[in-house]
Each structure stands twice: as C-alpha cells, then as structure tokens.
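# Architecture at a glance
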Amino acid sequence: MLEVKNLKTQIDTSEGIVQAVDGVSFTVRAGETLGIVGESGSGKSVLANSIMQLNPNPPTFYPEGEILFEGSNLLKLSEKQLRKIRGNEIGMIFQDPMSSLNPVFKVGAQLVEAILTHQKMSRKNAKARAIELLKDVGIPDAESRMDDYPHHFSGGMRQRVLIAIALAGNPKLLIADEPTTALDVTIQAQILELMKGIQEKYGTAIILISHDLGVISQMAEKVLVMYSGRIVEKGSVNDIFYRTSMPYTWSLLRSLPRLDGVAHERLISIEGQPPNLVSPPKGCNFHPRCPFATEKCLEIDPELMPRKEGHWVACILTEQEFEAEKERLESADREGVL
Amino acid sequence: MFKKKRNLISASLLLLFTVATITASWWLPVLPSEMDSAKRLIGPSADHWFGTDHFGRDILAQTVVAARVSLVVGLSVALISTVLGTITGLIAGYYKRADFVIMRIIDGMLAFPSLLLALALVAALGGSVSNIIIALSFSFWPVMTRIVRSAVLQINSIQYVEAAKTSGIGDLVILFRYVLPNVLSPIIVQGTFIFAKAILAEAALSFLGVGVEPSTPTWGNMLQEAQIYISIAPWFSIFPGIAIVITVLTLNILGDGLRDSFDPHAKGKVNRKKGRLKKQINVA
Amino acid sequence: MSEALLEIRDLHMHFPIKGGVFQKTKKHVKAVNGVDLSVNKGETLGIVGESGCGKSTLARTIVGLQKPTSGDILFEGKSILHYSHKEMHQLRRNIQMVYQDPYTSLNPRMKAGDIIGAPLKAYRMTNDLERRVKELMDLVGLKADDYHKLPHQFSGGQRQRIGIARAIALNPKLLILDEPVSALDVSVQAQVINLLEDLQKELNLTYVFIAHDLSVIKHIADKVGVMYLGKVMEISDSESFYNDASHPYTNALLSAIPLPDPEKEKMRKRIVLSGELPSPANPPTGCVFHTRCPFAQENCKTNTPLLEAKDGNDGHLVSCFYPINTEKKQLILE
Ligand SMILES: Nc1ncnc2c1ncn2[C@@H]1O[C@H](COP(=O)(O)OP(=O)(O)OP(=O)(O)O)[C@@H](O)[C@H]1O
Ligand SMILES: Nc1ncnc2c1ncn2[C@@H]1O[C@H](COP(=O)(O)OP(=O)(O)OP(=O)(O)O)[C@@H](O)[C@H]1O
Ligand code: SF4
Ligand code: SF4
Ligand SMILES: [Mg+2]
Ligand SMILES: [Mg+2]
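Residues numbered from 1 in each chain as written. Chains lettered and ligands numbered in written order. Predicted model: local features only at pLDDT ≥ 70, side-chain atom pairs only at ≥ 80, totals over all residues. Heavy atoms only, no water.

## What about the overall build of chain B?
- What chain B contains, in helices and strands, is 10 helices and 2 strands.
- Listing every helix and strand of chain B by position from the N terminus yields α-α-α-α-α-α-α-α-α-α-β-β.
- Principal-axis analysis of the C-alpha atoms places the extent of chain B at approximately 80 × 45 × 45 Å.
- Across the 284 residues that make up chain B, the buried fraction comes to 48%. (Helix = DSSP H or I, 4+ residues; strand = E, 2+ residues; numbered from the N terminus. Buried < 20%, exposed > 50% of the residue type's maximum accessible area, 1.4 Å probe, protein only.)

## Brief notes about the site of ligand 1
- By nearness alone, 16 residues border ligand 1, and Ser40(A), Gly41(A), Lys44(A), Ser45(A) and Val46(A) come closest of all.
- Neighbouring residues of ligand 1 are not confined to a single chain but are spread across chains A and B.
- A distance of 2.9 Å separates an oxygen atom of ligand 1 from a polar atom in the side chain of Lys44(A).
- The separation between an oxygen atom of ligand 1 and a polar side-chain atom of Glu178(A) is 3.2 Å.
- The protein chains hide 74% of the 630 Å² of surface that ligand 1 would expose on its own. (Near = heavy atom within 4 Å. Polar contact = N/O pair within 3.5 Å; in protein donor to acceptor, adjacent residues only side chain to side chain. Areas by Shrake-Rupley, 256 points an atom, 1.4 Å probe, with all protein chains shown as cover.)

## Some thoughts on the interface of chain C and chain A
- At the interface, 42 residues of chain C touch 45 residues of chain A.
- Around 3900 Å² of area is buried between chain C and chain A when both sides are counted, 54% of it from carbon and sulfur atoms.
- It is His219(C), Pro260(C) and Glu276(C) that lose the most area in chain C upon contact with chain A, and together they represent 18% of the buried surface on that side.
- As a salt-bridge pair, Arg266(A) and Asp198(C) come within 3.0 Å of each other at their nearest N and O atoms.
- Broken down by secondary-structure element, the contributors of at least two residues to the side of chain C that touches chain A are helix H6 (186-203), helix H7 (214-220), helix H9 (248-256) and helix H10 (262-267) of chain C.
- A per-element tally of the side of chain C that touches chain A places H6(C) first, with 9 residues.
- Across the side of chain C that touches chain A, the residue classes break down as 18 nonpolar, 11 polar and 13 charged. (Contact = heavy atoms within 4.5 Å. Buried area = accessible area lost by both parts, 1.4 Å probe. Salt bridge = Lys/Arg side-chain N within 4 Å of Asp/Glu carboxyl O. Nonpolar A, V, L, I, M, F, W, Y, C, P; charged D, E, K, R; others polar.)

## Here we look at the pattern of salt bridges
- With the rule as written, the count across this model stands at 42 salt bridges over all chains.
- One salt bridge connects Arg60(C) with Glu162(B), and the closest N-O pair in it is separated by 2.1 Å. Placement of Arg60(C) in helix H1 (residues 55-62) and of Glu162(B) in helix H7 (residues 159-166) is noted, with the two residues assigned to different chains.
- Note that Glu135(C) and Arg132(C) form a salt bridge whose closest N and O atoms lie 3.2 Å from each other. Of the two residues, Glu135(C) and Arg132(C) both sit in helix H4 (residues 129-139), 3 residues apart, roughly one turn of that helix.
- Note on Glu135(C): relative accessible area 40%, which makes it partly exposed.
- Here the salt bridges share partners, and the residues they tie into one network are Arg258(A), Asp260(A), Asp261(C) and Lys264(C).

## Let's talk about the site of ligand 3
- Looking at ligand 3, there are 13 residues lining it, with Cys284(A), Cys290(A), Cys297(A), Cys315(A) and Ile316(A) nearest.
- Grouping the constituent residues of the shell around ligand 3 by class yields 12 nonpolar, 1 polar and no charged.

## Topic: the confidence of the model for chain B
- Chain-level pLDDT for chain B is 81 on average; 91% of the residues reach the 70-or-more range.
- Counting contacts from residues 265-284 of chain B, a segment whose pLDDT is below 50, to residues more than four positions away or on other chains yields 49 contacts. (pLDDT = per-residue confidence, 0-100.)

## Notes on the sheet that holds strand E7 (residues 174-178) of chain C
Residues and elements named next belong to chain C.
- Read from one edge of the open sheet, 8 strands run E6-E7-E8-E3-E9-E10-E12-E11, paired in mixed fashion. Two strands lie at the open edges of the sheet, namely strand E6 (95-98) and strand E11 (308-310), each paired on one side alone. Taking the axes of each pair of neighbouring strands and ignoring which way they run, one obtains an average angle of 25° across the sheet. (Pairing = 2+ DSSP bridges. Axes fitted to C-alpha atoms, helices over the stretch in contact; angles between N-to-C directions.)

## Notes on the packing of aromatic side chains
Residues and elements named next belong to chain B.
- Applying the stated criterion to the full structure yields 12 aromatic pairs over all chains.
- Ring geometry for Phe138 and Trp141: centres 6.4 Å apart, planes at 65°, overall edge-to-face. Residue Phe138 and its partner Trp141 are located together in helix H6 (residues 129-156), separated by 3 residues, close to a single helical turn.
- Accessibility expressed as a relative area gives 12% for Trp141, which makes it buried. (Phe/Tyr/Trp six-rings, centres within 6.5 Å; stacked < 30°, edge-to-face > 60°.)

## Digging into the sheet that holds strand E5 (residues 72-73) of chain A
Residue and element names in this part refer to chain A.
- Read across the open sheet, the 4 strands follow the order E2-E1-E4-E5; overall the sheet is antiparallel. Edge positions in the open sheet fall to strand E2 (16-28) and E5, since each of these has one partner strand only.
- Pairing of strand E4 (residues 60-69) with E5 involves 2 bridges; the strand directions are antiparallel. Directly across from Leu68, in E5, lies its bridge partner Asn73.

## Details of the environment of Phe292(A)
Residues and elements named next belong to chain A.
- Position of Phe292 relative to the elements: it lies in the loop between helix H10 (247-254) and strand E11 (305-308).
- Residue classification places Phe292 among the buried residues on the basis of a relative accessible area of 3%.
- With residues near it in sequence (within four places) discarded, Phe292 still touches Pro247, Trp250, Leu317, Phe322, Glu325, Lys326 and Leu329.

## Quick look at the nonpolar core
- Counting residues in hydrophobic clusters, the biggest one holds 134 residues, and the most contacted among them are Leu136(B), Phe209(C) and Leu214(C).
- If you tally residues by element for this core, the top one is helix H8 (residues 171-207) of chain B, at 17 residues.
- Setting aside residues up to four positions removed in sequence, Leu214(C) forms contacts with Leu259(A), Val48(C), Val224(C), Phe241(C), Tyr242(C), Leu253(C), Leu254(C) and Ile257(C).
- Judged by nonpolar contacts, the second largest core, of 39 residues, contains Phe153(A), Ile165(A), Leu183(A) and Met195(A). (Core = buried A, V, L, I, M, F, W, Y, C linked by side-chain atoms within 4.5 Å.)

## Here we look at the interface of chain B and chain C
- Taken together, the contact between chain B and chain C spans 18 residues of the former and 29 residues of the latter.
- Taken together, both faces of the contact between chain B and chain C bury some 2100 Å²; the carbon and sulfur share is 50%.
- Applying the counting criterion to the chain B and chain C interface returns 1 salt bridge.
- Linking chain B with chain C are 10 residue pairs in polar contact (both at pLDDT 80 or more).
- Looking at the side of chain B that touches chain C, the elements that each hand over two or more residues are H7 and H8 of chain B.
- With 6 residues, H7(B) is the largest single contributor of residues to the side of chain B that touches chain C.
- Considered class by class, the residues forming the side of chain B that touches chain C number 6 nonpolar, 6 polar and 6 charged.

## Overview of helix H4 (residues 123-136) of chain A
Residues and elements named next belong to chain A.
- In this model, H4 (14 residues) spans 20 Å end to end at C-alpha, consistent with the 20 Å of a helix rising 1.5 Å per residue.
- Taken together, the buried positions of H4 are Ala126, Arg129, Ala130, Ile131, Leu133 and Leu134.
- On its buried face, H4 is in contact with helix H3 (107-118), helix H5 (142-145) and helix H6 (155-167).
- Two residues or fewer past H4, Gly138 is found with a positive phi of approximately 80°. (Expected span 1.5 Å × (residues − 1).)

The structure is reproduced here in structure tokens:
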C-alpha cells in the first residue's frame with residue numbers, strides 16, 4: 001500500500017545541510033503495523049513528516065526518492081491533491097496532545113470540522129459521526145463532552161480526541177509519531193490497546209514511531225531501526241528482538257533497564273553521542289560508538305543488505321563474525337560483573 | 001545583537017545623530033542663536049536649507065542643536081527608569097512580601113496615563129531639563145518594573161534558580177548571577193522604547209508650554225513657537241517635526257529588532273518534555 | 001531505627017487554589033497527603049508514580065524548598081522543620097538534589113565549571129576551587145576542557161552529568177534525584193544510571209530516586225515505594241516488591257510496562273486500568289484508588305485502608321483491604 005523508495009530528506013540550516021533522512025526504503029501493507037525505533041534525533045519524525053509532506057519546504061528538500069501511496073508518488077502531488085490524501089487516506093497522530101488541539105475551540109467543533117473537511121455530509125450527520133468517533137476511542141459521555149474545551153480534558157483524553165480526529169476520514173494508514181511518549185504508563189497501555197482495537201475493527205495499517213523498544217515489541221509486526229537518518233536494521237519483530245544482527249540494535253537492547261532484569265546489574269551503555277548530521281563520520285556512521293568496530297569500518301560505509309528472508313542489516317560484519325564478537329563481549333561482561 | 005542589518009543601520013543612525021549634534025558648533029555654517037531680522041520666516045533656500053524662524057534664526061541649526069536636549073532627556077530617562085525599574089522589578093519578582101507592596105504602588109501609578117502624570121509633576125516641580133528628566137523617569141519606571149517583575153517570575157520558576165537555592169547560594173548572588181542576566185533582553189528592549197517615548201513626551205510637554213524653558217531650543221519648544229505661523233511658514237513646523245519622527249522611528253525599529261534577535265524562538269531552541277520534541281503542528 | 005538517615009512522618013503538602021473576585025482560597029491541591037517513609041544510610045529508596053501524584057512536591061519539601069502543611073521530616077534523627085535560617089544553610093550541604101530536566105536546570109549563561117563550583121563558593125570553600133571542580137568533573141566523566149563551555153554546548157546526558165557534579169560538590173549525605181534519567185535517551189540513560197551507581201559506592205551516598213518507570217527503579221533501588229494521589233500505596237524492599245507486589249495499583253503499573261520481548265508480550269495478561277488519575281484537588285473518598293481499582297468492593301468507597309505490614313512482614317507495607325495474594329494473581333493471569 002505504501003512504498004518508500006530511497007527517500008532522502010535534507011534540511012538547510014545555518015550550520016549546513018542536515019541529512020535528516022538518508023536513503024530510506026520500506027513498504028507497509030494493509031492491516032499491518034510497522035514500528036520505527038531510534039534515538040532522539042535519528043530522523044524518525046522527519047521521516048514521518050516526509051510521508052505526509054508536512055515538513056516546511058523550504059528549508060526541507062527531497063533531492064531523491066519516491067513515496068508511493070497506492071501507486072501515486074506523494075512527492076509529485078500538488079498541495080491540493082495532498083490535502084485530499086492527508087486525513088482522508090492517511091491519518092496522523094502527534095506526540096504532544098497538549099499543543100495539537102486548538103485551545104479556543106470546543107473539542108466537538110474541532111472534530112466536526114475535521115469530518116467536514118474530509119467528507120461531504122450535513123453538519124448534523126457530521127455531529128452524529130463525531131459522537132460515534134468519540135465513543136469509538138473510549139470517551140465516556142461522548143455527547144456531553146462534545147461541548148468541552150481541550151483544557152477540560154486530561155492528556156490521555158486529548159490523545160484519544162487526536163486519534164478520533166485522525167480517524168475522521170477513515171484513513172487506510174495511520175501514522176503515529178510517539179503517540180504515548182508524553183503519557184503515563186497506565187494511560188499508555190489504554191491508548192495502545194485502543195490503537196490495536198481500531199486496527200482490528202477497520203483493518204487500518206499503522207506506522208508506529210517510538211523510542212521505546214517495549215512499545216514496539218508489543219505493537220509491531222515489522223520493525224525499522226534508525227540511526228542518524230538511516231535504516232540500520234529491518235525485519236520482523238522476532239528478527240529484531242531475538243535474531244539481532246546489527247551492533248547498534250544489539251547495544252540498544254543491552255542498554256535497556258529491564259523489568260525482568262537483575263537488580264544493580266551493570267547496564268551496558270553506548271558510549272558517546274549520536275553523530276552530527278551535518279558532517280557525519282566517515283565510514284560507518286556508528287563506528288565511533290560501536291563496540292564491534294574494526295579498522296575497515298572507518299573506510300567502508302555499509303549498505304543495508306538482506307541477510308535472511310525479510311531481514312536486512314547495514315553492517316560489514318558477516319553473521320559469523322557478528323556472532324563470535326557478540327559471544328566474546330557478552331562473556332567479558334559476565335566476568336566484569338562477577 | 002547586531003547580526004541583523006536593521007539593528008546595525010538603526011544603531012549607527014542614532015550614533016550619527018548624537019555625533020552630529022555634539023559637534024554642531026564645528027560644522028554648522030551659522031550659529032543657532034544668530035538672528036537676522038531682515039530674514040524672518042524665509043522658506044528653505046541655499047543659505048538656509050530648512051528656512052528661518054520668526055527671529056530670522058536658521059532652522060537647520062536650531063533643529064540640530066535642539067537634538068541635544070531631546071537625546072539627553074531621552075537617554076537619561078531611559079537609564080534612570082531602567083535602573084529603578086530593574087531594581088524594583090527584581091525585588092518584587094523575587095520576594096513575595098515586597099511584591100505585594102510594590103505592585104500596589106505600581107498599579108496605582110499605572111492607573112494614570114504616563115504623560116498626564118509627568119504633566120502634573122512638571123507643573124509642581126517647575127520646568128527645567130532636570131525636572132523634566134525626574135518627572136519622566138518617575139512616570140516611566142512603573143512600566144519597566146512590571147516587565148522586569150514578570151520576566152523574573154518566569155525565570156524564578158525555571159529549575160536552575162531552584163537548584164541554586166538548594167545549593168545554598170545566597171539571595172543576592174541568585175538575583176544578580178542567575179536571574180538578572182537572563183532577564184536582560186526584555187530590559188534592553190523596553191529601555192529602547194522608553195528612550196523613544198521620553199523624546200516624544202519631552203516634545204509634548206514643551207509644546208504644551210510646561211516643558212523646558214522657552215529660551216532653550218528643543219523640538220517641542222520650536223513646534224510650540226511655530227504653531228501660529230503654520231499657514232505662512234510651514235517649514236518652521238515641518239523640520240523639527242520630521243526630526244522627532246525620524247529619531248523616534250529609528251529607536252522603535254532598533255527596539256523591535258533587538259526584541260527579534262533576543263527571541264529564543266528565532267534561534268530554533270527545542271521545547272522538551274520527557275526528552276522528546278514537542279510538535280506544534282496541527283493537522284486535521 | 002537509629003540507622004534511618006531520613007525519616008518522613010505523616011507529611012502533608014497542600015497548595016491553596018485561589019479563585020473568584022477576591023482571590024479567596026477555594027480548595028486545596030493535596031499534592032502530598034500523608035506520606036510516611038524512611039531511608040537508611042547507603043541505601044536507595046525508589047519512588048514511582050504517575051504524573052501529578054506528588055513525587056516532585058515530596059522531593060521539594062525534603063530539600064526545604066517548601067514548608068509542609070503538616071507532618072515531620074527527620075534528618076539523622078532530628079526534625080528539620082523548625083531549623084533557623086543558619087541551621088538550614090548548614091543542612092543543605094547534606095541534602096542535595098538532581099533535577100529531571102537537563103535543559104532548564106542549568107543557568108544558560110554560566111560556564112560548566114562555574115555551575116559546578118557555585119555551591120562550593122556559597123559555602124566559602126574556595127581554596128583550590130578550580131582543582132576541586134576538575135576533580136568533580138573527572139568523577140562524573142566530563143573532560144577538563146569542558147570547564148569553560150556553556151550548557152548549550154553539551155548534550156542532554158552531559159548536562160545531567162554537570163547537574164550531578166553540582167549536587168555532589170559539597171559531599172552531601174543524601175541525594176534526592178527527581179527523575180534524573182527520564183529526559184534521556186535509552187543509550188544515554190544507561191550511562192547515567194551506571195554513573196549514579198558508581199558514585200553511590202564510591203562516596204557512600206544515600207539516594208531517594210524518583211522515577212515513573214519501574215524498570216529503571218528495579219535496577220537501582222533497594223527499597224521501592226509506589227505513590228498514588230499523594231499517598232504511599234505500597235512500600236517494600238525491592239525483592240519482595242517485584243516478586244510479590246500486593247497492591248492492585250502496583251500490579252497494574254507492573255503489567256502496563258511494555259517488555260522489549262515480543263513473545264512474552266504476546267503471552268502476557270495485563271490489568272488495563274480504566275479511567276484516569278482523579279484530580280488531587282478532589283481525591284476520592286475511602287481508598288483513593290477505588291475509582292480505578294478492578295478489585296474494589298463497597299467498603300473501599302467509604303473506609304480508608306492504612307499502610308500496614310503485609311502478612312506480618314515489617315519490610316513490606318501495603319495500603320489495601322484486599323491485597324493480591326499468590327492465588328489471586330494466578331487467577332488474574334489465567
Ligand atoms: N526544522 C528543522 N531544522 C533543522 N534541523 C532539523 C529540523 N527538524 C529536524 N531537524 C534535525 O533533523 C534530525 C532528525 O530529527 P527528528 O525530529 O526526525 O528526530 P526524531 O528521531 O524524531 O527524534 P525524537 O525522538 O527526539 O522525536 C535532528 O538532528 C534534528 O536536529
Ligand atoms: N506550587 C504549586 N501550587 C499549586 N499546585 C501545585 C504546586 N506544585 C505542584 N502542584 C500540584 O501538585 C500535584 C503534584 O505535583 P508534582 O509536581 O509533585 O507531581 P509529580 O508526581 O512530580 O508529577 P510529574 O511526574 O509530572 O513530575 C499536581 O497536581 C500539581 O499540579
Ligand atoms: S560496520 Fe563496523 S562500525 Fe558499523 S556497525 Fe558494523 S561493526 Fe559497527
Ligand atoms: S482498598 Fe479496595 S479500592 Fe483500594 S486498592 Fe484495595 S481493593 Fe482496591
Ligand atoms: Mg520525533
Ligand atoms: Mg515531577
């Protein structure tokens with residue numbers, strides 16, 4: 001349904017050109033959930049906004065690539081055609097439920113407005129549909145809450161309203177950019193549950209962006225791991241979590257404090273910081289922080305290559321080399337702890 | 001601060017005015033006080049570019065020299081009310097108890113238009129340059145206090161001030177090292193605006209006849225004298241008028257420009273909660 | 001008992017909400033509403049709870065930024081609430097705080113070295129100031145040439161290191177850490193957690209570690225307390241807490257955390273709480289959790305449970321009439 005091919009997104013800043021998204025390709029099929037993980041600044045939001053063409057242009061440019069949605073290239077469409085697709089075909093939910101709703105309009109009015117921009121129907125029908133949507137996303141007393149202002153709603157309820165707005169046009173694809181990051185865990189559990197329910201009911205495809213590997217493992221079927229604007233590993237959830245084949249993903253998983261972990265166990269941290277996207281390091285972008293790095297990594301910039309069916313990895317190490325080195329590091333860790 | 005062209009141009013223009021009026025006696029062809037009774041109310045000409053007044057004095061020379069009073073008044077008022085307003089604003093914003101007292105006084109004063117307040121004060125003190133400065137400073141500092149106070153309240157709720165308190169750092173150090181440097185930008189911007197407002201106010205007071213003694217050339221005094229000749233000698237009013245407009249406009253442009261360049265949003269700062277970027281986009 | 005470095009007894013911190021034309025106090029936000037805690041020397045007490053449950057208010061009250069409405073705080077056995085200004089100044093050396101937001105907790109116009117040195121200056125420990133600051137910087141993993149940099153030249157994790165260096169500058173006995181890693185990326189979070197654990201061992205520090213994430217707490221804490229609407233719901237040593245959580249809210253929290261393990265995730269039964277956190281200005285009667293509790297009974301609405309030892313275990317206190325035992329847990333997870 002959605003196919004992104006070799007997408008590059010550049011942002012022109014005072015410090016230079018930021019390669020925010022650098023040659024990213026992936027596909028999303030109907031009814032499926034694609035998870036995107038990565039550290040802050042790895043380009044997840046810019047990628048999501050590129051699909052919806054929501055990056056301000058300029059300073060954002062798309063020098064290369066295609067975004068095919070049901071066969072048409074979104075990069076080539078006019079603003080008017082795009083507006084038709086946004087909300088109607090593709091819905092979007094943002095991270096911050098506080099600033100994404102207009103504080104001076106009633107919640108119901110904003111929802112009705114969203115419905116009317118996407119569908120031709122009478123105001124009365126739109127209102128009925130709005131109430132139905134609010135019920136769908138689990139807001140109690142939907143009728144009476146229509147007349148409330150956003151500040152009457154808690155963070156979790158606002159996020160529900162935003163989901164309702166995103167669903168207003170019956171989109172085939174929902175892009176959720178860190179939909180639960182600003183929320184508490186118990187509310188996060190409710191919202192994730194809700195998104196799953198909606199997917200089952202309407203067969204919506206979801207692109208779920210998160211920096212939380214737990215959320216991704218709970219929700220996604222396929223996963224992209226991003227590092228400094230690139231995909232460094234992609235595959236099914238099980239590929240990523242159980243058959244990790246890329247040093248960065250491995251380090252990320254190892255650095256996570258875990259509920260099923262041992263108290264006071266030393267966490268394995270990734271030293272250093274993500275690279276500067278204006279002048280990324282030569283060779284592999286991850287080499288300054290990579291515990292597996294060899295001399296060659298300074299020279300060769302690895303491409304994303306298929307390892308197994310559907311499992312792609314961007315690293316010069318072969319499977320055997322990676323496994324051997326991983327074994328060595330893990331046993332060194334165990335000894336360090338003892 | 002001077003990154004923007006606009007700021008640079010307006011600041012250098014002001015510097016030019018100041019230098020021009022200070023060095024006036026060296027470069028002006030005629031003395032401002034020189035009367036030529038044969039040449040009263042003559043229009044602009046090669047000899048007198050801006051024309052002459054009802055005593056036959058050169059209006060260009062008068063306008064240039066009058067700028068001294070205007071700039072001195074404007075600058076002094078800006079400095080005095082800024083210093084006063086900053087001190088009271090800092091105290092009000094930082095100490096809850098003092099806040100109540102100071103703000104009652106300030107609110108009381110703000111209830112009167114500042115020009116009216118100045119008018120009453122000058123009427124009571126008598127018109128002279130120093131009295132005008134006192135009166136105008138007094139009427140402008142409440143605005144400054146307000147602005148500083150609200151900036152301090154904002155800074156106060158930022159964690160580094162709290163962190164300084166828990167580190168056992170004294171109040172005075174907190175005020176001058178943690179709070180003041182972070183509220184300087186609104187102070188400078190407002191100071192520039194007060195500069196402009198004070199020039200206008202001085203002109204207005206002099207025009208109303210309660211300002212600087214009529215014998216001292218100021219733009220307000222010139223306008224006051226010129227008003228009865230407005231139909232036969234419009235240049236007499238026009239040139240001092242233009243001088244006021246240009247100076248005030250330059251100051252306002254500078255103030256606006258400074259505000260823009262101090263504005264953190266222009267620098268692309270990121271608003272963070274729980275470490276993630278806040279998105280302000282609304283799609284529906 | 002004598003071991004307790006910090007003890008908090010029935011602490012209340014209520015904020016007035018003013019409203020109306022005359023700014024009359026209409027209601028109170030009961031941010032902290034009867035908290036009892038104690039922390040022993042050298043140990044880490046983890047405090048978890050959802051946004052707005054009063055964690056930061058508790059922290060700010062302990063470090064003396066706010067005077068509590070009622071209750072008592074004891075440090076080394078002495079009540080600190082009636083300390084004079086001077087005594088308070090001396091006390092502050094011993095209780096320091098690390099803040100959540102690495103972006104707002106450092107003065108943007110001061111150099112890293114000056115920020116770390118400021119507490120030393122405040123206590124006139126200016127002998128060899130620069131050497132001491134460099135020592136601290138080394139201790140938290142900053143480079144000596146970072147001394148003259150401004151906060152905006154550092155990343156979030158490095159800024160948090162500056163904040164930690166500032167907090168340990170005076171050799172405090174107790175560190176209150178208010179969500180010190182919540183704003184950091186996972187990879188950087190691990191660096192800071194490791195640093196805090198090393199410092200604790202090296203300097204024999206006692207921590208009160210506030211977080212909203214039970215997996216972080218699991219790593220660092222010896223004792224864990226769960227707060228809900230200004231009250232402690234359950235508090236226990238870490239082992240008993242994670243193996244044998246008894247309060248319905250604790251269980252809901254534990255089951256709400258997504259595990260980075262897709263197979264386990266699929267198998268998992270979770271308690272999804274309905275509804276949202278009630279307002280602390282208007283907390284429910286009886287057990288404050290009853291509006292969201294899946295196990296609530298009639299009497300939970302009117303009677304308030306006390307924080308009591310569970311099955312006679314003094315180290316594990318629960319505030320619930322119907323704590324979840326092992327059999328009940330089996331039933332839920334069936
Ligand atoms: N408008 C912009 N101007 C300049 N640089 C930008 C802009 N928007 C994003 N960037 C840069 O692009 C890179 C990718 O940013 P992006 O917001 O996509 O990260 P992210 O992965 O979504 O991070 P987070 O988890 O913090 O949301 C970052 O280095 C960021 O600084
Ligand atoms: N100075 C204050 N005046 C009035 N209400 C306050 C004040 N400080 C905190 N509150 C209220 O007290 C409650 C508890 O706030 P607190 O900051 O302690 O929560 P928290 O547990 O730290 O939450 P978070 O996880 O969001 O940091 C909130 O409802 C808050 O609005
Ligand atoms: S290519 Fe080298 S540096 Fe890059 S991830 Fe693989 S081993 Fe590490
Ligand atoms: S006392 Fe009742 S309402 Fe409160 S937690 Fe226990 S069972 Fe639930
Ligand atoms: Mg993002
Ligand atoms: Mg807090």
